Every structure is written in C-alpha cells, then in structure tokens.
Amino acid sequence: MRKMLIWLPLALFLAFFALFAGGLFKPDDRVITSKLVGQPLPGFALPAGASDRPALASTDFATGKPRLLNIFASWCVPCAAEAPQLEALRRAGAEIDAIAIRDARDDVDAFLRRNGNPYSRIGLDARSSVQIALGSSGVPETFVIDGKGLIRYQHIGDIRADDVPMILDRLKDAQ
Amino acid sequence: MIAEAGLAALWFAAALALLQLVLVAMGLTGRKDELLAAVRPVAVAQGLLTALAFAALVTLFLRSDMSVLLVVTNSHSMKPWLYKFAGTWGNHEGSMLLWVTVMGVAGAAVALFERALRRDTHMATLGAQAAISLGFYAFLLFSSNPFARISPAPADGQGLNPLLQDPGLAFHPPTLYLGYVGLSVAFSFAVGALLTRRVDSAFARAMRPWVLAAWVLLTLGITAGSYWAYYELGWGGWWFWDPVENASLMPWLAATALLHSVTVLATRDALRAWTVMLAVVAFSMSMVGTFLVRSGILTSVHAFAVDPERGSFILALLAIYIGGALALFGWRIGTVREGEPFELVSRETMLVVNNLLLSVILGLVLVGTLYPLLTEAFGHKVSVGAPYFDRIAGPIALGLMVAMAAGPLMRWRRDSAAAAGRRLLVPAAVLIVAAVVVGLLAWGRIGILPYLGLVIALATAVASVTPLWRRSLRRTPLFTWGMVIAHLGCAVSLAGMASDSAFTVEKLVAARPGDVIETAGWRLRFVQILPRAGDNWTALQADVEASRGGGSPTMLHPQARFFASPPTPTTEAALLTRWDGQLYVVLGQEADAGRWQMRIWWKPFVTLIWLGGFLIALGGALALVGRERRGWVLKWRARRAVA
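Since the model is a prediction, treat every value here as computed from it, not as a measurement.

Moving on to the overall build of chain B. Across its full length, chain B carries 19 helices and ten strands. A compact globule built from 643 residues would reach a C-alpha radius of gyration of about 26 Å, and chain B, at 26 Å, matches this within 12%. Taken along the three principal axes of its C-alpha coordinates, chain B extends 80 × 75 × 60 Å. Partitioning the intrachain contacts of chain B with sequence separation of at least 6 by distance along the chain shows that 72% fall at a separation of at least 24. Summing over all exposed atoms, chain B offers an accessible surface of approximately 27200 Å²; the carbon and sulfur share of this is 66%. Here chain B holds 51 positive side-chain charges and 35 negative ones, and the gap between their average locations is 13 Å.

Shown next, in the form of structure tokens:
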C-alpha cells in the first residue's frame, strides 16, 4: 500500500504531463459546428423588414425546396461587403430570405438601395430574439435550410467569393 | 555594448551552473573534497553574474536603448523613469531573466549563509539548484534572449501595456518572483536530502528559514497583486480566480502546508516523507504556474506571451525537474525511517488536518484551473469560473480556519481532551455568541458563506491571540508572536472578504455635472468633467465631491484615460478610504449628450483583506527573525562557553 502511495505523485504528474502536452500541440479550433444542424428551424413570425418585400415566418421554409436564410443588418459593414456574393448566389438560382437584426425599416430600405436586394422575403428582428434562437452570435451569418425546414448548415461571417460554390453545393445536398 | 555584456554574463553564469553541477556530482560520488571545496565560490560567482546580466537589462531600459528589440517592443522614451525601470520585467524575456536572477542569487545565498546543514546535503542541495538553473538558462538563451538587437534601430519604442503602467508593477512581480523562485531552494533542499538520505529534524531546521522567507515574499506579492488588480482593473473585485491568480495561489497553498509540516519535522521529527513531498510540490506549482502563463495553453488576462514553442520548452523543463524529483522521491523515500509517532489529540494532529485541508484546496484549485484542458481532452469545451471556486474552496477554507484556531491551543505529542477543551472554551463561546449576534443582525440579508465567514473570523481572531493569554508578553519568543500575528492576519483577511461579499453596495448611474447621487449613506456631487494630460496619456477627469453624514466633503477624481503608445483606453478608479470601508468610483463612457456613466461601490471593511495579508507576511517575518536570532544567540553563548 505504502509502496503504491509513494509512486502516486509521479503517476499523477505523468497524467498531467500528457494533458499538457495534448493541450499544447492540439491545433486551435477554427471551425465551429452548430448544435442546431439537423434540427428544425425554431418557430417565428417576424414583421416585414423592408417596404417592398413580404414579412418572414418559419412556416415559409417547409415548402419542399431548400432556401438560404441570411442574417444581416444595415449597420453592418461586412454585410455590405457580402452583397455581391449573395447576388451571385441568387443569379445561380438560390432563393434567399433574410432577417434584419436590430434594425429599422427605413435604414434597411436605404441599405438595399445602395447594395442591391437579393432577398425574396425579409423579416425584422428588432430585439435579436430569433437570432439568439437560431444560435447565431453575429452578423452576417447564412443558414442552409432544406425543404422540410431543417437547418443543414450554418455559415459564420461574410460569404467570400470562393465560398459561393461551396454554398451552392450545400444547397444541392439539401435537396 | 551593454547588451553584449549582459548576454555574455548570462552565458558565463550558465557555464558556471554546469560546472557547479559537475563538481557536485563528481565530488559526491568520488568523495573528492577538493572538488567540493570549489562549489560554494562557483555558486556565488554564478549569482553575481546573473545580477550583472539583470543590471545590464535595467540599464538598457533606463537609457531607452532602441537598438535592443525588447526595449523597442516594451518601452518608450516618453515613459516616466519608474515604468522604464519596472518595464524591465513587464514582459516575457525580462521576467524570465528576473526569474533566473532570483534563482542564481538564491543559490549564492544558500552557498554563503547556510551553516546548519550537513556538508554532503548542502553540496547536493547546491547541485540540485544548479541543475534547475541550468534548464532556465537554456530557456532564456535559446528561446527568449532578452538582449537581442534590432537593426536598423527604430526612432522610438512601442510602449508598455498601460494596465502595467502603475507603481504596482515596480513591487508586485519582483516580490512574487522572489517567493516563487525562493521555493526552488526548498525543492533543492528536498532533492539534496533525498540524495544523501538525510531527512530528519536537523534538515528541517535548516530548511525552515528559507521556506519562511519565500513564503513571506509570496504572501506579500499575492497581497500586493490582489490590491493592484482591485484598483487598476476598475471592476471592484479583488480576486477573479483567473488562471494566473491561481498559479500564484497554488504555490502559496503548498508553501503554507510546507511551512507547518516542516515545523512538525523540526520540532517532533514526524511527517518526514510528507514534508519532502510538499517541498517538491511547492516549487513544482511555481513552475506549473509559469508554464500556464507562458504557454498560452489557458487564456487569461495575464497571457502576454502566447507561444507554443516556448510552452513546449517549459513543458520539457517541467518533465525533467518535477518528474525527476518525484521519481527520486519514489526511489529513495522508502529508505527514510518512519518519523516519531504522536497521539490523536495533539498539535501534530491539528497540523496534519491543516496540511490535508490545504492540500485538498490546492487539488481543487488545480483541477478547476486545468478543467478546460481536462474536458477538452474528452471532446467538450467547458471552463469553470468564480462560482465553482467560491463554493468548493470556500467551505474548506472555513474548516481550515477552525483548525488554525484550535491548533496552537493544543500541546505537542499528546494532550488530554479535557485540558484542550478548557483552552478552547473562550474561542468556542465567542463563536456561539458571534453566530447569534451576526445571525440576529443580518440573517436573510446575507448569504450563508459570508455569514459563516464573519462568525468564524471573529472566533478565530480571539483564538489566535489566546496563546498569549497569561504569558509575559515581554518573554514571549518572537516566533510565537509571529504565529499569533500571522493567524490573526488570516482572521482579519477573512473578515474583510466576508464583509465585502455580504455588505457591498453597488450603484450604476448616468449623471450630468451638477447631479447629486446618494448611495449607502454617501452623498456624491458630480461637479464637472474636464480634460487632463499626463506624461504619456490624456484623460477625461470627473470631479466628484463625496461626503457622508454632513461631514466635510472630499474631492474624488476618477478618470477615463487614453494612453498614446500603445493607444489604449483605461479607467482609473478613484478610491476614498475610511476606517470602515472604501468608496470606489469609476468613470465610464458618455451615455448620451452630457450624461456620463458612473459606477459607485461602497465596500465596508474591504481594506481588511489586504491588511490581513500584510499581517500574515509580518507574522512570517517575525517568526523568521525570531528563529534566526535564537540561533545567533545560542551560537554566541556556545562560543563564549568555549572561550
């Protein structure tokens, strides 16, 4: 018993050493996978976010056809930078809906006049409640929603030009 | 030139450390006395060379020599001289140079002043110290050279992190490092004793002053760091359970346990293996702490050198030193005789309880700090915060306080339960009375932990001075005074912590000049807000007139500061200290036109936390002086008797 106890500190230290070494050489996490992937969209019904587009509700998604859900805001600079990529996606046949976060309808209208409007429907989430339910932590983010209304993919940050084919593939996979 | 001289001194010191190690190894195994005779001078020369290298770096910082990379990245010619000076160790390379300097100088001190230890153990200790130093020299020279030049030299430097531009930087890191690295002496003693198979009370008596000195400095460093964080960060808290704070707390917990077990070993020749183990653990915790800070493996407000390469270097050092010492422990401790026995009701038992509780807290803090690493290894990412530590460590710390109150009232070796009970009567009565009184006054308004904290603080304060009861205060030995004051300090500090968490009043307002804010009996008038300029910063400064109970008002000046280089905003809290607490005012951002956010805390008796910390360190210092002075007196008498 005493024999065992004598070696216990060394054994504990070796365990810690392994832990340290593991932690030190493990690469940082750069890709975060949402827990909501595979789950249905949370239920919501938002008022219209722009004056020339209809409002958005979760029931608009389970239509049998995959859609993109873009989360943006008129006060968000990367969202403006992302606009050409969304336009390219729309021209490639993607249907895009949007939720404007902590925004006002006049500001959204002005933003869409400046940067173009690739959206079919726009909801206004003035208090970020839907955004939080979606597990989104910032703008812009883009979700791929399949025809049954299940979340298939979450893209965090703006969509870059080289991301466009990948997003289109994800949409195809969600058929 | 100065940089090259510093680097050369560092290389020479490293070479001498290697020589010291070889001399000890050959001298002890071959029983060659002429080799061992050279060890002490070599250790002293090594200490002097490290001091020289450190002085060179300080000179470079004071002169703002912008051809040195470290000065460029961490200093600026416009900085006040105190921060140029303190900026020497406000960065990774400089602080590691401070580390090896303290280690070298401590080794020299062991060579010069240690007289009580047997010669072979002394030599083995110096060999171990050289071996540890060697690793850290290699770390500095191969991966963190503080003297590297930069060419072409830029016109000026990038400045020092403004949070560090505070007089606290001149005091807190050096004392903390003296404590951290001072524990390396205890580690070397333990290794030396294991190698020469001399774990006995004479060894413990020789080791005790070194442990005490390191522990006193560690206590001061932690106390100063806590107060610094309290007023500099502007969050109103004094302990955040940040990984780096834990990194300083863990060696302190181990050193506190060691301090008590070494006393048992010195007085009663018991707890031999345990004391050696604690000596190894205490410095290991210092090294683990450094590893956590330097590797960037855990994120923290202190992580200023996120670098896996350096991390793996320190990890290798950890493996060699801690692994080596623990292996030596396992291999040799079986040959150490069992110590003297003692009975259940005795001071030894209370000290064992103290050691166990300290070790449990140490283990819990260690697990809590490493929890993110542990869970990540199993695929989750979870970290634990202050609530975990408060809830887990709090109750055990309270139990520890009770043991601390009772311990000094027990007799060594054997005590009768009845007699011990009589001695504990007064503190127990105070405990009950305090429980009732505090309960009646504050029940339902304060949490259970702060309540227990207040009650136990009162009772332990009384218990801690009880050993002086019916003693001639003049004849009481200084080390008994030291123990009494240190234990009283624990009670005082606990009272401050409990009072702060039980009774603090916080108020957040948006005020415009002319407004009057009333909180916790204070009346604060926001007079005006004006720009101010310092050496290397500009600030918006609020003038706030604080008064209480119709007394004369005091002007407070909280600032929102902007440092030019590097460009950083900071808050400078304004503190008003009264005998019964502190008023803490922080100026925030402009809320809307003409209104300013202001955060105001009234913290009753919060200053007791640091007063207690200071008393603990003072008690340690008195015990150190008391023990040493007794040694000198005995030696003097012996010399006179011979004459």
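So, next bit.
With that settled, consider the packing of aromatic side chains. Residues and elements named next belong to chain B. Across all of its chains, the model carries 27 aromatic pairs over all chains by this definition. Seen from their ring centres, W81 and F85 are 6.3 Å apart, and the 45° between their planes marks the pair as tilted. Here W81 and its partner F85 are both found in helix α5 (residues 81–86), four residues apart, which amounts to about one turn of the helix. Residue classification places F85 among the partly exposed positions, given a relative accessible area of 27%. When the centroid spacing of 4.6 Å and the interplanar angle of 45° are considered together, the rings of Y230 and W610 count as tilted. Within this pair, whereas Y230 is found in helix α9 (residues 201–232), its partner W610 is found in helix α19 (residues 608–642), the two being separated by 380 residues in sequence.

A few words on the domain arrangement of chain B. Each assigned domain of chain B is listed here: domain 1 (1–165), domain 2 (424–503 + 607–642) and domain 3 (505–604). One C-alpha centre belongs to domain 1 of chain B, the other to domain 2 of chain B; they are set 38 Å apart.

Okay, the confidence of the model for chain B next. All names here are of chain B. Confidence in the prediction of chain B, expressed as mean pLDDT, is 87, and 96% of residues score 70 or more. When mean pLDDT is compared element by element in chain B, helix α3 (residues 39–62) scores highest at 95, while strand β7 (residues 568–572) scores lowest at 81. Of the regions scoring below 50 in pLDDT, residues 300–305 engages in 18 contacts with residues more than four places distant in sequence or in other chains. Predicted as a complex, the structure gets a pTM of 0.82 and an ipTM equal to 0.77.

It is worth spelling out the side chain of S286 of chain B at this point. Residues and elements named next belong to chain B. With respect to the secondary-structure elements, S286 resides in helix α11 (residues 272–295). What makes S286 buried here is its relative accessible area of 0%. Within polar-contact distance, the side chain of S286 engages the backbone oxygen of Y180 at 3.3 Å. Look past the residues within four positions of S286 in its chain and what remains in contact with it is W99, Y180, L183 and P251.

Let's shift gears to helix α6 (residues 92–113) of chain B. If you check α6 of chain B, its first and last C-alpha atoms are 31 Å apart, about what 22 residues at 1.5 Å a residue would give, namely 32 Å. Here α6 of chain B starts with a cap whose side-chain oxygen sits 3.4 Å from the backbone nitrogen of E93 of chain B, and that cap is N91 of chain B.

Taken residue by residue, the interface counts 16 residues in chain A and 30 residues in chain B. When residues of chain A are sorted by the area they lose upon contact with chain B, F13, F20 and L24 of chain A head the list and together hold 34% of the total. In this assembly, chain A and chain B are joined by zero salt bridges. A breakdown of the residues in the side of chain A that touches chain B according to their chemical character gives twelve nonpolar, one polar and three charged.

Here we come to the pattern of salt bridges. Going through the model one piece at a time under the given rule, you end up with 21 salt bridges over all chains. Across the pair E506 of chain B and R599 of chain B runs a salt bridge whose closest N-O atoms are separated by 2.6 Å. One end of the pair, E506 of chain B, is in strand β1 (residues 505–511); the other, R599 of chain B, is in strand β10 (residues 595–604), with 93 residues separating them in the sequence. Overall, the relative accessible area of 46% leaves E506 of chain B in the partly exposed class. In this structure R599 of chain B comes out as partly exposed when scored by relative accessible area, which is 31%. Ionic pairing is found between D580 of chain B and R548 of chain B, a salt bridge with its closest N-O pair at 3.2 Å. Of this pair, D580 of chain B sits in the loop between β8 (574–578) and β9 (581–592) while R548 of chain B sits in strand β4 (residues 537–548), and the two are 32 residues apart along the sequence. By relative accessible area, D580 of chain B is classed as buried at 15%. Residue R548 of chain B is classed as partly exposed on the basis of its relative accessible area of 30%. Among the charged side chains, a network of salt bridges with common partners joins K65, R67, E95 and D97 of chain A.

Such a bond, covalent and formed between the sulfur atoms of two cysteines, is termed a disulfide. Residues and elements named next belong to chain A. All chains considered together, the criterion is met by one disulfide over all chains. There is a disulfide in this structure between C76 and C79, and the S-S distance comes to 2.2 Å. With the S-S bond torsion at 90°, the cross-link from C76 to C79 turns out right-handed. The pair formed by C76 and C79 is uniform in burial state, with each residue classed as buried.

Moving on to the nonpolar core. Most often, soluble globular proteins have nonpolar side chains that are buried together. Counting 157 residues, the largest nonpolar core has W99, F136 and L318 of chain B as its most contacted members. In this view, L318 of chain B contacts F13 and F20 of chain A together with M287, V288, F291 and G323 of chain B; residues no more than four positions away in its chain are not counted. Judged by nonpolar contacts, the second largest core, of 40 residues, contains L46, I122, V130 and I159 of chain A.

Attention now goes to the environment of V382 of chain B. All names here are of chain B. Structurally, the position occupied by V382 is in the loop between α13 (347–377) and α14 (386–406). Since its relative accessible area comes to 39%, V382 is described here as partly exposed. Among residues more than four places away in sequence, those in contact with V382 are Y371, P372 and T375.

The subject of this paragraph is unusual backbone geometry. The omega torsion of the bond from V139 of chain A to P140 of chain A falls at -10°, within 30 degrees of zero and hence cis. Mapped onto the elements of the fold, P140 of chain A is located in the loop between α4 (129–133) and β6 (141–145). Here the amide bond leading from S151 of chain B into P152 of chain B is cis, since omega sits at 0°, within 30 degrees of zero. In this structure, P152 of chain B sits in the loop between α7 (119–143) and α8 (168–196).

All names here are of chain B. With four bridges joining them, strand β2 (residues 516–519) and strand β3 (residues 522–533) adopt antiparallel strand pairing. Across the sheet, the residue bridging to T519 is W522, located in β3. A loop of two residues connects β2 with β3, the two strands running antiparallel in sequence, and A520 in this loop sits at a positive phi of about 45°. In terms of strand pairing, β3 meets β4 through eleven bridges, oriented antiparallel.

Turning our eyes to something else, we now look at the side chain of T125 of chain B. Along the polypeptide, T125 of chain B turns up in helix α7. Relative accessible area serves as the criterion here: at 2%, T125 of chain B is assigned to the buried category.

Our focus in this paragraph is the packing of α13 of chain B against α14 of chain B. Residues and elements named next belong to chain B. Their axes nearest at 9 Å, the elements α13 and α14 cross at an angle of 165°. By the angle class used here, α13 and α14 are roughly antiparallel. In the packing of α13 onto α14, the handedness of the crossing is left-handed. Judged by residue contacts, M350, V353, N354, L357, L358, V360, I361, L364, V365, G368 and T369 of α13 engage Y388, F389, I392, A393, I396, A397, G399, L400, A403 and A406 from α14.

The rules behind these values
Residues numbered from 1 in each chain as written. Chains lettered and ligands numbered in written order. Predicted model: local features only at pLDDT ≥ 70, side-chain atom pairs only at ≥ 80, totals over all residues. Heavy atoms only, no water. Helix = DSSP H or I, 4+ residues; strand = E, 2+ residues; numbered from the N terminus. Rg over C-alpha atoms; globule rule 2.2 N^0.38 Å. Contact = heavy atoms within 4.5 Å. Areas by Shrake-Rupley, 256 points an atom, 1.4 Å probe, with all protein chains shown as cover. Lys, Arg positive; Asp, Glu negative; His and termini not counted. Charge placed at Lys NZ, Arg CZ, Asp CG, Glu CD. Phe/Tyr/Trp six-rings, centres within 6.5 Å; stacked < 30°, edge-to-face > 60°. Buried < 20%, exposed > 50% of the residue type's maximum accessible area, 1.4 Å probe, protein only. Domains from an automatic or database assignment. pLDDT = per-residue confidence, 0-100. Polar contact = N/O pair within 3.5 Å; in protein donor to acceptor, adjacent residues only side chain to side chain. Expected span 1.5 Å × (residues − 1). Buried area = accessible area lost by both parts, 1.4 Å probe. Salt bridge = Lys/Arg side-chain N within 4 Å of Asp/Glu carboxyl O. Nonpolar A, V, L, I, M, F, W, Y, C, P; charged D, E, K, R; others polar. Disulfide = S-S within 2.5 Å. Core = buried A, V, L, I, M, F, W, Y, C linked by side-chain atoms within 4.5 Å. Pairing = 2+ DSSP bridges. Axes fitted to C-alpha atoms, helices over the stretch in contact; angles between N-to-C directions. Parallel < 35°, antiparallel > 145°, perpendicular 65-115°, else oblique. Left-handed = near helix turned anticlockwise from the far one by under 90°.

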